[in-house]
Every structure is written in structure tokens, then in C-alpha cells.
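# Topology and contacts: notes
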Amino acid sequence: MMDSFLHKLSYVNSRRKQSNITRGNLFAFVLFVSPLPTFRRIIRNRSTEEFSGLPYIYALLNCLICLWYGTPFVSPGIILVATVNSVGAIFQLIYVGIFITYAEKAKKMKMSGLLMAVFGIYAIIVFVSMKLLDPHSRQSFVGYLSVASLISMFASPLFIINLVIRTRSVEYMPFYLSLSTFLMSLSFFTYGMLKHDPYIYVPNGIGTLLGVVQLALYTYYSRTSREDLGSREPFMDSYA
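I will try to describe carefully the structure that is included in this document. Per-chain numbering applies: the sequence of each chain, read as written, is numbered from 1 onward. Note on the predicted model: pLDDT of at least 70 is required for a residue's local features to be given, and 80 or more for side-chain atom pairs to be given and counted; whole-chain, interface and lining totals, by contrast, use all residues. Only heavy atoms go into the side-chain values, all of them from the structure, while hydrogens and water stay out.

In an α-helix, one turn spans 3.6 residues; hence positions three or four apart end up facing the same way. Each helix corresponds to a stretch of at least 4 residues labelled H or I by DSSP, and each strand to a stretch of at least 2 residues labelled E; elements are numbered beginning at the N terminus. Given the number of residues in a helix, its expected span is that number minus one, multiplied by 1.5 Å. Relative to the 39 Å expected for 27 residues at 1.5 Å per residue, helix H5 (residues 105-131) spans 39 Å between its end C-alpha atoms, a close match to the ideal helical length. Within the span of H5, buried status applies to Met 111, Leu 115, Val 118, Tyr 122, Ile 125 and Ser 129. The contact criterion used is simple: two residues touch if any of their non-hydrogen atoms lie within 4.5 Å. Next to the buried residues of H5 lie helix H3 (54-70), helix H4 (79-102) and helix H6 (135-155). For the exposure calls, accessible area comes from a 1.4 Å probe over protein chains only, and a residue counts as buried if that area is under 20% of its type's maximum, exposed if over 50%, partly exposed in between.

Structure below.
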């Protein structure tokens, strides 16, 4: 009887983990495509305007580190973490490339330098973890780095808060980016708790809280933005 109960409990936990990782991957994909309206606007206007490229740099670094953490070389058994982040890295690289193409010269140089730095940092991480560390130390090393990179990625949209407060407008604070970040963080937080993996649930728990802050700010300042809607080009114009 006890063995049957434990078997059922293990099955339920396994299903919960699978459900949360599936939702997490779905919300992650939504997060990856959420900047598309922003980049449609950048391409249409041939200018990055007041948009910041830092969130995409942080997101690229995070995707690369989390991709490496999810590989069998570092953490066997969580290959879906690697696959979803490989897709994310491709999206972020495209976004950074578009941003560099249409940015002013100063921003172009800065973003190009940051992009090279990201690839340099990733190469160093892979080299150190494979050549200098045993499997257990490797997982801890990459795990701590993934925690730091995830927190940086989740916090990066907060760089625009100063502009939002100064202009009392959320035009340059993408709503769907904040919403999808919150939903993805919540799903992976739950998944990390079920897997008992602090390298997953700690940063995603922080990401969930930061997502709430971003959504609260958007809700508050969007009221002011609506007053000027008639005289401004809307940020999320259409998907047509």
C-alpha cells in the first residue's frame, strides 16, 4: 500500500514538473517574440529613438549561460532548459543586430562592444568550467553564474524606469515584455521548487517579484499615457 502511494506521489510530481516546464517554455517563447512590435517600429522609423538595447544584451548573455547550464555537460536531465535558451539566444542575437544597425553612432559602438564582451565572457565560462572544474564544481560554478545572469536580465527593464517616471509615459516600457517575463519567471520558479534546484527557483522567484513591480509601474503610468494617446503614436500599434 505504501509503495503504491509513493509511486502515485512520484507520478503526480513528475506530471507537475512536466506541466510547469512546458508552461515555462511557452511563456519563454512569448518573452522572446514580445519585442517584435518594438523592432517593427525601429525598422519602420530607421531609428532606435529612446529605446534601450541593454535588456537584449543581458537577455543574450543569460540565454547563453542558461543554455550551458542545461546541457548534459553541466546538468544532466534538464535538456529542455538548454533547448529553450538556445532558441532565446538566436532571437536576442537578431534583436541586438537590428538595434546596432539602426542605432546612432555612439550607441552603435557601445552595443557592438557589449556584444563582443558577451561572447568573450561566454567563451571564458565554457573554458573554465570544462578544463578547470570537476562535474560537481562545474554545476555549482555555472549555476551561480546563471542565477546572477537571470537576475540581471529580469532587472534590466528597470533601467527604463527613470525615463518612465520623468516622462510619465510607458511608451518605451513594453508591456508584453514585462508580462511575459512575469509569467515565465513564475512557471520556472514553480518548476525549480519541484526539482529542488535553487539555481532555478531563486532567480526566477526574484524575477517574479520584479515582474510584479514592472507591471504595477506600467498600470500606474499607463493612466497618464492614455491622456496623451490622441496626440501620440501608440507604441503597440498593431500586429497587422
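Next comes the rest of the write-up.
Turning next to the nonpolar core. Judged by nonpolar contacts, the single largest core of 47 residues is most densely connected at Phe 39, Val 96, Phe 99, Met 153 and Met 184. When contributions to this core are tallied by element, the ones reaching two or more residues are helix H1 (2-33), helix H2 (36-45), H3, H4, H5, H6, helix H8 (175-195) and helix H9 (198-227). By residue number, the principal contributor to this core is H3, which donates 12 residues. Here, nonpolar core means buried Ala, Val, Leu, Ile, Met, Phe, Trp, Tyr and Cys residues that are tied together by side-chain atoms lying within 4.5 Å of each other. Membership of the second largest hydrophobic core comes to six residues, among which are Val 164, Val 170, Leu 217 and Tyr 221.

Turning to unusual backbone geometry, a few remarks are in order. With a phi angle near 55 degrees, Arg 46 is a residue other than glycine that sits in the positive phi range. Secondary-structure assignment places Arg 46 in the loop between H2 and H3. Arg 46 gets classed as exposed once you look at its relative accessible area, which sits at 60%. We note that Glu 49 has phi near 50 degrees; this positive angle belongs to a residue other than glycine. Within the secondary structure, Glu 49 sits in the loop between H2 and H3. The class for Glu 49 is partly exposed, based on a relative accessible area of 22%.

Glancing now at the packing of aromatic side chains. Ring pairs are drawn from Phe, Tyr and Trp, using the six-membered ring of Trp, whenever the two centres fall within 6.5 Å, and their geometry is named by plane angle: stacked under 30 degrees, edge-to-face over 60, tilted for the rest. For the coordinates displayed, the defined rule picks out nine aromatic pairs. Where Phe 32 meets Phe 91, the ring centres are 6.3 Å apart and the plane angle is 20 degrees; that geometry is what we call stacked. With Phe 32 in helix H1 and Phe 91 in helix H4, this pair connects stretches of sequence that are 59 residues apart. Measuring from ring centre to ring centre gives 4.8 Å for Phe 39 and Tyr 95, while their planes differ by 10 degrees; the resulting arrangement is stacked. Remark: Tyr 95 occurs in helix H4 and Phe 39 occurs in helix H2; sequence separation between them is 56 residues. With a relative accessible area of 3%, Phe 39 lands in the buried category. By relative accessible area, which is 2% here, Tyr 95 ends up buried.

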